[in-house]
Amino acid sequence: MKQVIAVLTVLAAIVGLWYAACVPMNIKGVLTEQERAGAQVQPPSAKDRRDLGEFGLIAGNSFAIPATWEQARPRLPAPHQVAVEMWKTTVQKKITSKRSLIYHAWVTLSATMLGFVIGTGLGILLAVGIVHSRVMDLSVMPWAIVSQTIPIIALAPMIIVVLYSVGIQGILPKAVISAYLSFFPVVVGMVKGLRSPDAMQLDLLRTYSANGSQRFWKLRLPASMPYLFTSLKIGIAASLVGAIVGELPTGAVAGLGARLLAGSYYGQTVQIWSALFAAALLAACLVGLLGVIERSVLKRMGMAQ
Amino acid sequence: MNTESRAAAVIEANHLDLTFQTNDGPVHALKDVNLAINKGDFVSFIGPSGCGKTTFLRCIAALETPTGGSLTVNGMTPDEARRNRAYGYVFQAAGLYPWRTISKNIKLPLEIMGFSASEQEERVNKVLELVDLEGFGGKFPWQLSGGMQQRASIARALAFDADILLMDEPFGALDEIVRDHLNEQLLALWARTEKTIGFVTHSIPEAVYLSTKIVVMSPRPGRITDVIDSPLPKDRPLDIRDTPEFIEVAHRVRDGLRAGHSYDD
Ligand SMILES: Nc1ncnc2c1ncn2[C@@H]1O[C@H](COP(=O)(O)OP(=O)(O)O)[C@@H](O)[C@H]1O
Ligand SMILES: [Mg+2]
């Protein structure tokens, strides 16, 4: 109960700040609109208004404050505007409609999942190689680290162009970018997890004359599970970012990235914000779902109480 | 030593040396160690830390390779002996896998050694009974006390029926009361199974109470300073520790430790 109150308090504070921020962000635009509509605004000259700061404008035109939360194309939309837009584009639209946010979220989600599966698989394979081969440890790990220092926003268009030139388009280029972002946390986490058994546990297996594959399946792999889930949670969030970034350079027509792009072309800030919130919500659901799977798997394994 | 007891020796070390090469120069962990352990002996290794007790046990288990001398286990090299499942090893920490139940933990060596499922089941029940843990097979390690976990780890070492049990300070991390109880149980188990036991400890009462043979060691270089054959009877209730014989053996162990100049630094 205390927790709920704490969360609600923080939420209320954020929403309050947001509404407050809308006023200075939108006041200039509102005054221009109001003047056009015939209202008396202070100062009357557009040039003077430009030179006066936002807070000066607010002080002189307090009647215009409510209007800063109701603009059609605000610089910063108010929370309820975003909420209404999200409601309209989810519940009130058929999910097959091109204007349904659920449809766009699904397009991004499918690329995210494909990329996540590829990235996770690749990450686990690389980690197993790194743990078992000193050569791979020395050769792969530095490249994996370097790969993550290249800004994805610079790399994404190249990946898409290269794949397009060999005839690959659609979901796969997005999934590749997703995988590119998500394999790294999995490699790092799994290497740590596979190396987590201590010398005593390894010695114990030696006293049974266990071979390498028994050591892997009976000790290293189960010991790495908690590490794997931690990395998966980071990896899936990275996957989602990858899928969205992958939709930007192609001028894709579908997906949350496409909604962001279209919104910014047409100055539809409400649309941008609702796409952003949809992405955040999606990420929260995915990470939450992994958390549920983690708890039940570890509990069944006896590693969580 | 007469020829008969020599023939019965299951572990025999002659002029055994082990020098670790470290960045700070060589460390003589074992120097000229000579020892014969007979079948059915309960041998304790006692000495201050760093005198090579663990190293010697690890040599027997083929976890370390001696740099000189000879060492045989059941007449074989330690490596061959291990492949013939000559020994079970109990570490200081129970080291049970948290993701396996007690039964599954005990099955670990059996799975690796390829026992059939029905035989695994049978052996688990047998050793659980030996260490007094019947009914706990389905529990996870975190559901058991430290003493019970250590008993489970002893059961794991017994599961594949090795003749030799090597134990490196198995009760070192437990409190005195639990330890007394486990010592009593260990003696009962030893009497029932007739195993040969090598037991590392740094407690004088524990060594005297348990052993038929006490090996006193001292450090720098790690070596044996005294080997005491205990005159105590095989049947030992806990209050044997108040008898004059017991106290006399304990004295001799203490003298041996002192003679090793182990406390001057
Ligand atoms: N792997 C190793 N590398 C280097 N030195 C070691 C190693 N293992 C043990 N030693 C050294 O050998 C000596 C004996 O160690 P150990 O057998 O563990 O003693 P104990 O078990 O009697 O306390 C110590 O000085 C220790 O530092
Ligand atoms: Mg030791």
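Residues numbered from 1 in each chain as written. Chains lettered and ligands numbered in written order. Predicted model: local features only at pLDDT ≥ 70, side-chain atom pairs only at ≥ 80, totals over all residues. Heavy atoms only, no water.

1. Some details on the overall build of chain B
No. 1: A tally of regular secondary structure across chain B gives nine helices and nine strands.
No. 2: Taking 2.2 N^0.38 as the reference for a compact globule, 265 residues should give roughly 18 Å; the C-alpha atoms of chain B span a radius of gyration of 18 Å, in line with that estimate.
No. 3: Dimensions along the principal axes, computed over C-alpha positions, put chain B at roughly 50 × 45 × 40 Å.
No. 4: Relative to its full complement of 265 residues, chain B shows a buried share of 55%.
No. 5: Relative to all contacts within chain B whose residues are 6 or more apart in sequence, the contacts with residues 24 or more apart total 70%.
No. 6: Working note: accessible area of chain B is about 11800 Å², and carbon and sulfur atoms make up 48% of it.
No. 7: A distance of 5 Å separates the average location of the 28 positive side-chain charges in chain B from that of its 36 negative side-chain charges. (Helix = DSSP H or I, 4+ residues; strand = E, 2+ residues; numbered from the N terminus. Rg over C-alpha atoms; globule rule 2.2 N^0.38 Å. Buried < 20%, exposed > 50% of the residue type's maximum accessible area, 1.4 Å probe, protein only. Contact = heavy atoms within 4.5 Å. Areas by Shrake-Rupley, 256 points an atom, 1.4 Å probe, with all protein chains shown as cover. Lys, Arg positive; Asp, Glu negative; His and termini not counted. Charge placed at Lys NZ, Arg CZ, Asp CG, Glu CD.)

2. As for the nonpolar core
No. 1: Residues Phe-45, Phe-56, Val-208, Ile-214 and Val-253 of chain B are the most contacted members of the largest nonpolar core, which totals 137 residues.
No. 2: Residues within four places of Val-253 of chain B in sequence aside, it is in contact with Ile-46, Ile-204, Val-208, Ile-214, Val-216 and Ile-228 of chain B.
No. 3: Core analysis: the next-biggest nonpolar cluster, separate from the first, contains 11 residues, Leu-163, Tyr-180, Leu-181 and Ala-238 of chain A among them. (Core = buried A, V, L, I, M, F, W, Y, C linked by side-chain atoms within 4.5 Å.)

3. Concerning the interface of chain A and chain B
No. 1: At the junction of the two partners, chain A supplies 20 residues and chain B supplies 23 residues.
No. 2: Buried surface at the junction of chain A and chain B, both sides included, amounts to about 2100 Å², of which 65% is carbon and sulfur.
No. 3: If you look at where chain A meets chain B, you find two salt bridges.
No. 4: Note that Asp-203 of chain A is salt-bridged to Arg-58 of chain B, the shortest N-O span being 2.8 Å.
No. 5: Summed over the shared surface of chain A and chain B, the number is five residue pairs in polar contact (both at pLDDT 80 or more).
No. 6: Going through the elements one at a time, helix H9 (199–207), helix H10 (212–247) and helix H12 (269–301) of chain A are the ones with two or more residues in the side of chain A that touches chain B.
No. 7: Ranked by residue count, the leading element in the side of chain A that touches chain B is H9 of chain A, at seven residues.
No. 8: Taken together, the residues of the side of chain A that touches chain B break down into 10 nonpolar, six polar and four charged. (Buried area = accessible area lost by both parts, 1.4 Å probe. Salt bridge = Lys/Arg side-chain N within 4 Å of Asp/Glu carboxyl O. Polar contact = N/O pair within 3.5 Å; in protein donor to acceptor, adjacent residues only side chain to side chain. Nonpolar A, V, L, I, M, F, W, Y, C, P; charged D, E, K, R; others polar.)

4. Some details on empty space enclosed by the protein
Residues and elements named next belong to chain B.
No. 1: Taken as a whole and assessed by the stated rule, the structure comprises one cavity of 30 Å³ or more.
No. 2: In terms of lining residues, the largest cavity is bounded by Glu-169, Pro-170, Phe-171, Gly-172, Arg-179, Phe-199, Val-200, Thr-201, His-202 and Glu-206.
No. 3: Broken down by element, the residue count for the lining of the largest cavity peaks at three residues, all from strand E7 (residues 196–201). (1 Å grid on protein atoms, 1.4 Å probe; cavity = no way out; pocket = protein on both sides within 12 Å on 5 of 7 lines; lining within 4 Å. Points joined across faces, edges and corners; volume = space filled by probe spheres on them.)

5. Some words on the site of ligand 1
Residues and elements named next belong to chain B.
No. 1: By nearness alone, every residue bordering ligand 1 is listed as Phe-20, Thr-22, Val-27, Ala-29, Ser-49, Gly-50, Cys-51, Gly-52, Lys-53, Thr-54 and Thr-55.
No. 2: Here Gly-50 contributes a backbone N or O atom positioned 2.7 Å from an oxygen atom of ligand 1.
No. 3: In the model, an oxygen atom of ligand 1 is placed 2.9 Å from a nitrogen or oxygen of the Lys-53 main chain.
No. 4: Compared with its free state, where it exposes 560 Å², ligand 1 has 62% of that area covered by protein.
No. 5: If one sorts the elements of the shell around ligand 1 by residue count, helix H2 (residues 53–60) sits on top with three residues. (Near = heavy atom within 4 Å.)

6. Looking at a nonpolar patch on the surface
Residue and element names in this part refer to chain A.
No. 1: Residues Leu-114, Ile-118, Ile-171, Leu-172 and Val-176 make up a contiguous nonpolar surface patch of roughly 330 Å² in combined accessible area.
No. 2: The greatest single-element share of the nonpolar patch, amounting to three residues, is contributed by helix H8 (residues 171–194).
No. 3: Since its relative accessible area comes to 36%, Ile-171 is described here as partly exposed. (Patch = residues over 30% accessible without salt bridge, like charges linked within 9 Å, V, L, I, M, F, W, Y side chains within 5 Å.)

7. Describing the pattern of salt bridges
No. 1: Applying the stated criterion across every chain yields a total of 23 salt bridges over all chains.
No. 2: Here Glu-111 of chain B makes a salt bridge to Lys-104 of chain B, at a shortest N to O gap of 3.5 Å.
No. 3: Taken together, the shared-partner salt bridges in this structure form one network comprising Asp-203 and Arg-206 of chain A together with Arg-58 and Glu-64 of chain B.

8. What about the domain arrangement of chain B?
Residue and element names in this part refer to chain B.
No. 1: In terms of domain boundaries, chain B breaks down into domain 1 (1–86 + 163–265) and domain 2 (93–161).
No. 2: Counting residues at the interface gives 14 residues for domain 1 and 15 residues for domain 2.
No. 3: Around 1300 Å² of area is buried between domain 1 and domain 2 when both sides are counted, 65% of it from carbon and sulfur atoms.
No. 4: Counting across the domain 1 and domain 2 interface gives two salt bridges. (Domains from an automatic or database assignment.)

9. Observations regarding the pairing of strand E5 (residues 87–90) of chain B
Residues and elements named next belong to chain B.
No. 1: Burial along E5 is two-sided: the face carrying Tyr-87 and Tyr-89 and the face carrying Gly-88 and Val-90 are both buried.
No. 2: Bridge count between E5 and strand E6 (residues 164–168): four bridges; the pairing is parallel. By the bridge assignment, Val-90 is partnered in E6 with Met-167. (Pairing = 2+ DSSP bridges.)

10. Focus on the environment of Phe-115 of chain B
Residues and elements named next belong to chain B.
No. 1: Within the element layout of this structure, Phe-115 appears in the loop between helix H4 (102–113) and helix H5 (117–130).
No. 2: Note: C-alpha distance between Phe-115 and Phe-160 (45 residues apart in sequence) is 9.0 Å.
No. 3: The contact partners of Phe-115, leaving out residues within four places of it in the chain, are Arg-85, Leu-110, Gln-120, Arg-123 and Phe-160.

11. Quick notes on the sheet that holds strand E1 (residues 9–22) of chain B
Residue and element names in this part refer to chain B.
No. 1: Taken together, three strands build an open sheet; the order of strands is E2-E1-E4 and the sheet is antiparallel. Either end of the sheet is taken by a strand with one partner, and the two such strands are strand E2 (25–38) and strand E4 (68–73). Each strand axis lies, on average, 20° off the axis of its neighbour in the sheet, ignoring direction.
No. 2: Inspection of the sheet shows E1 paired to E4 by five bridges, in the antiparallel sense. (Axes fitted to C-alpha atoms, helices over the stretch in contact; angles between N-to-C directions.)

12. Concerning unusual backbone geometry
No. 1: A cis amide bond, omega -20°, links Gln-42 of chain A with the succeeding residue Pro-43 of chain A.
No. 2: Tracing the sequence through the fold places Pro-43 of chain A in the loop between helix H1 (2–36) and helix H2 (46–51).
No. 3: With an omega of -5°, the peptide bond between Arg-220 of chain B and Pro-221 of chain B qualifies as cis.
No. 4: Looking at the element boundaries, Pro-221 of chain B is found in the loop between strand E8 (213–218) and strand E9 (223–229).
No. 5: A positive phi angle is found at Asp-132 of chain B, which is not glycine, with a value near 65°.
No. 6: Mapped onto the fold, Asp-132 of chain B is located in the loop between H5 and helix H6 (146–158).

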